[in-house]
Structures are given as C-alpha cells and as structure tokens.
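Chain by chain, the residues:
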Amino acid sequence: MSFPNLRLRRLRKTGKIRELLEEVRLSPKDLICPIFVQENLNSRVQGESMPGMDRLPLRDVVDEVNSIAELKIPAIMVFGMPSRKDDKGTSAFAQDGIVQRAISEIRKNLGNEIAVITDVCLCQYTTAGHCGLVKGDKIDNDSSLETLTKVAVSQAQSGADVVSPSAMMDGQVKAIRQRLDDAGFSDVVIMSHSAKHRSSLYSPFKDMAHSAPKFGDRKTYQLPYTNPKEAMREVETDIAEGVDIVMIKPALPYLDLIAMTREKFNVPISAYSVSGEYALVKAAAMKGWIDEKEVTLEILTAIKRAGADMIVTYFSKSAAKTLNEK
Ligand SMILES: [Zn+2]
C-alpha cells in the first residue's frame, strides 16, 4: 500500500492547525500541588534543594491553598513536619497534629474549593525516620499497619477527601479501607503509593521534610527499580484490596511503568513527579542551560501521554500559570 499524496507536514502548517491536532492536552486540572506545613514555625522557610517550595507556618496555609485553587488546580497533597517525634509516631495521628489542624483550617475557610489529599506515612513523625515502626533492627509490617490506619482516620476526621498511604507496608490499603469504613468514612478515597520505588531522587524531599531514616535504608519496603513485574504485582494487589487510585512514583524515569499500568488495568492512575525530578530541572534552569517553562510542560505532558490521569508535581503552580496564560 502506498500513499502518494500523503504529507504529514500539512498537519503542522500553522499554530491553529497544530492546536486542533493536539492529542494530549495538559491542563491545570491534571495537577496535584504538594504543600509542606511545619508546626511551631513563624514564617515561611524556603527549601534549600527545592527552590520555589516553602515550608509553611500554619497561619499561611489557607492563603497558600487559596492561591493554588485560584490557578484552577483541583487538589493539594499535604505533608506535615511535627515539632515532636517519638518511636510510635504519635504526632501523625494526634487530632491536634499539624496536618490535622491544617486540614481543618482549609476546610473551614475554603470549603470544597479544593480537594485535600493527605500523605499517610510515619517517616516524618518517628525518631527512626522509617515509613513503618521499628522492632529490633527491622521495620515491622503489622504494627505499622495499625498505626497507619489511625493516621488515615484522624485525617479523615479533620476533613481529608483522599488519603494517600505511602509507607509501602503490605496490606496497607485493605487495613485502611476497613478502618475508614468502620469509622463512617466510606466516602473517603484511597490513593495508594502502589509502586513506590527506592529512588535516589527523593533526597531534596528528605531535606525539606526532615524525613531521612536514622539507620539503614528503605530497601526492605520500597520497590527496586529493576523489577517492573514486581511493580505490577504491587498495583494488582492494591486493586484487589480496594484501592481507588493507584500511584507510580517517581514519574519521569518510570514512564514505562505508567504505560504498563494503563495497558493492564482499568483504574485511575496518578504519577508522582518527585523532588529530585524538580531539582534537576530547577538547577539546570538556574544555570541558564534549559528553558524551565518549556521543559516543565514537556515533562508533564510526557507523564500524561504515558497514561497518568493526574500528576503530583512541585511544578503545579508554575505550570498552571503557564497553561492559564496560553
Ligand atoms: Zn514515609
């Protein structure tokens, strides 16, 4: 078969023709903006390795979230930095915990103007800095599950729409779903960090959120980046446990896994473009080596093209601004 008159360049002739033919359209509505709230902080502190991202005091949270909502971004993901850590991570599920208070303030002032997603993990809250509780020299799965369910319920009580377990403990979705339902929160969505990899791209976040482990590493619970089949088993398991939205994390070096998940499963997919992905672009842009705006749109569009329905990204505000001006 031949197409003697076919010229694909016809479809690229003018800006308007190209717009008409656009197959993947990135919108602010695709984005989830992370925010960091620190207990007992008086004024904003900029993250050293995440320029443009601040740790916020509680009193600045509503204004910040309002500015995010005004950019037509539909959701935030809240991370908390407590002033008190212990070996049980109790400040993660305290009703007056920093995240719980932040959510209540957002709800009280902004109603349903923005969807509130919370991180369900223990690393910011425990002295050991691991995502689960420590017994001896091990991360204990089942006692961690018990604590994670308390965290999720306390966040739901404060008004979270979506809880996002990121501890990579086996059975975390099932345990949280059960406990949320028992507590009367059957309408709270679970977005699980289903395939969260042991990645070196988390370093800027760990500096920002003071969440680096005090001993060992996270290799006994996070996925190795060498194992795509194992990643798909994690996704499959979360679906079997009743997850509402699965997540692949990080995003850019894992586009194949996003595409694979899209192909294999009929489930909403979020992708988490992590702090190291942000820092790489920021550092190169600050050197004048790349165009930050253009590169950001190219990367986020690629993540969507791979099959993500939504993207958690530290570029949410800047990308939304660019997209709204288009
Ligand atoms: Zn964690």
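This report concerns the structure included in the present document. (Residues numbered from 1 in each chain as written. Predicted model: local features only at pLDDT ≥ 70, side-chain atom pairs only at ≥ 80, totals over all residues. Heavy atoms only, no water.)

## A word on the overall build of the chain
In step 1: Assigned secondary structure in the chain consists of 11 helices and 12 strands.
In step 2: For the chain, whose C-alpha radius of gyration is 20 Å, the value lies close to the compact-globule estimate of 20 Å for 326 residues.
In step 3: For the chain, the spread of C-alpha atoms along the three principal axes comes to 70 × 45 × 40 Å.
In step 4: In the chain, buried positions account for 53% of the 326 residues.
In step 5: The long-range fraction of contacts in the chain, counting pairs at least 24 apart against all pairs at least 6 apart in sequence, stands at 74%.
In step 6: Surface exposure of the chain reaches about 15700 Å², of which carbon and sulfur atoms provide 49%. (Helix = DSSP H or I, 4+ residues; strand = E, 2+ residues; numbered from the N terminus. Rg over C-alpha atoms; globule rule 2.2 N^0.38 Å. Buried < 20%, exposed > 50% of the residue type's maximum accessible area, 1.4 Å probe, protein only. Contact = heavy atoms within 4.5 Å. Areas by Shrake-Rupley, 256 points an atom, 1.4 Å probe, with all protein chains shown as cover.)

## Section: a nonpolar patch on the surface
In step 1: Taken together, Phe3, Leu6, Leu8, Leu11, Ile17, Leu20 and Leu21 make up a surface patch of nonpolar side chains, about 680 Å² in accessible area.
In step 2: Its location among the elements puts Leu20 in helix H1 (residues 15-21). (Patch = residues over 30% accessible without salt bridge, like charges linked within 9 Å, V, L, I, M, F, W, Y side chains within 5 Å. Salt bridge = Lys/Arg side-chain N within 4 Å of Asp/Glu carboxyl O.)

## Concerning the environment of Lys135
In step 1: By the secondary structure assignment, Lys135 is in strand E6 (residues 133-135).
In step 2: Taking C-alpha positions, Lys135 is 9.9 Å from Asp87, a pair spaced 48 residues apart along the chain.

## Observations regarding a positive patch on the surface
In step 1: A contiguous patch of positive charge, built from Arg7, Arg9, Arg10 and Arg12, is present on the exposed surface.
In step 2: Within the secondary structure, Arg7 is located in the segment before H1. (Lys, Arg positive; Asp, Glu negative; His and termini not counted. Charge placed at Lys NZ, Arg CZ, Asp CG, Glu CD.)

## Topic: the state of the cysteines
In step 1: In this structure the tally under the stated criterion is 0 disulfides.
In step 2: Between Cys33, a free cysteine, and Cys123, which holds the nearest cysteine sulfur, the sulfur-to-sulfur gap is 19 Å.
In step 3: Using a relative accessible area of 6% as the deciding quantity, one classes Cys123 as buried. (Disulfide = S-S within 2.5 Å.)

## Description of the pattern of salt bridges
In step 1: Across all of its chains, the model carries 16 salt bridges by this definition.
In step 2: With a shortest N-O distance of 2.9 Å, Lys317 and Glu64 are connected by a salt bridge. One end of the pair, Lys317, is in helix H11 (residues 316-325); the other, Glu64, is in helix H2 (residues 61-70), and 253 residues separate them in sequence.
In step 3: Under the relative-accessibility criterion, Lys317 is labelled partly exposed at 23%.
In step 4: Through salt bridges with shared partners, a single network forms among Arg44, Asp54, Asp60, Glu64 and Lys317.

## Focus: empty space enclosed by the protein
It is the rolling of a water-molecule-sized probe over the atoms that shows where space remains empty.
In step 1: Applying the stated criterion to the full structure yields 2 cavities of 30 Å³ or more.
In step 2: In this structure, the largest cavity is lined by 18 residues; those nearest its centre are Phe79, Lys196, Tyr202, Phe205 and Lys249.
In step 3: Sorting the residues of the lining of the largest cavity by element identifies strand E9 (189-196) and helix H6 (203-209) as the ones contributing at least two each.
In step 4: Class assignment for the residues of the lining of the largest cavity results in 8 nonpolar, 5 polar and 5 charged.
In step 5: Of the volumes computed, that of the second largest cavity is approximately 50 Å³.
In step 6: Lining of the second largest cavity is provided by Ser273, Glu277, Tyr278, Val281, Thr296, Ile299, Leu300 and Phe315.
In step 7: Breaking the lining of the second largest cavity down by element, the ones donating at least two residues are helix H9 (275-286) and helix H10 (292-306).
In step 8: For the lining of the second largest cavity, the per-class residue count stands at 5 nonpolar, 2 polar and 1 charged. (1 Å grid on protein atoms, 1.4 Å probe; cavity = no way out; pocket = protein on both sides within 12 Å on 5 of 7 lines; lining within 4 Å. Points joined across faces, edges and corners; volume = space filled by probe spheres on them. Nonpolar A, V, L, I, M, F, W, Y, C, P; charged D, E, K, R; others polar.)

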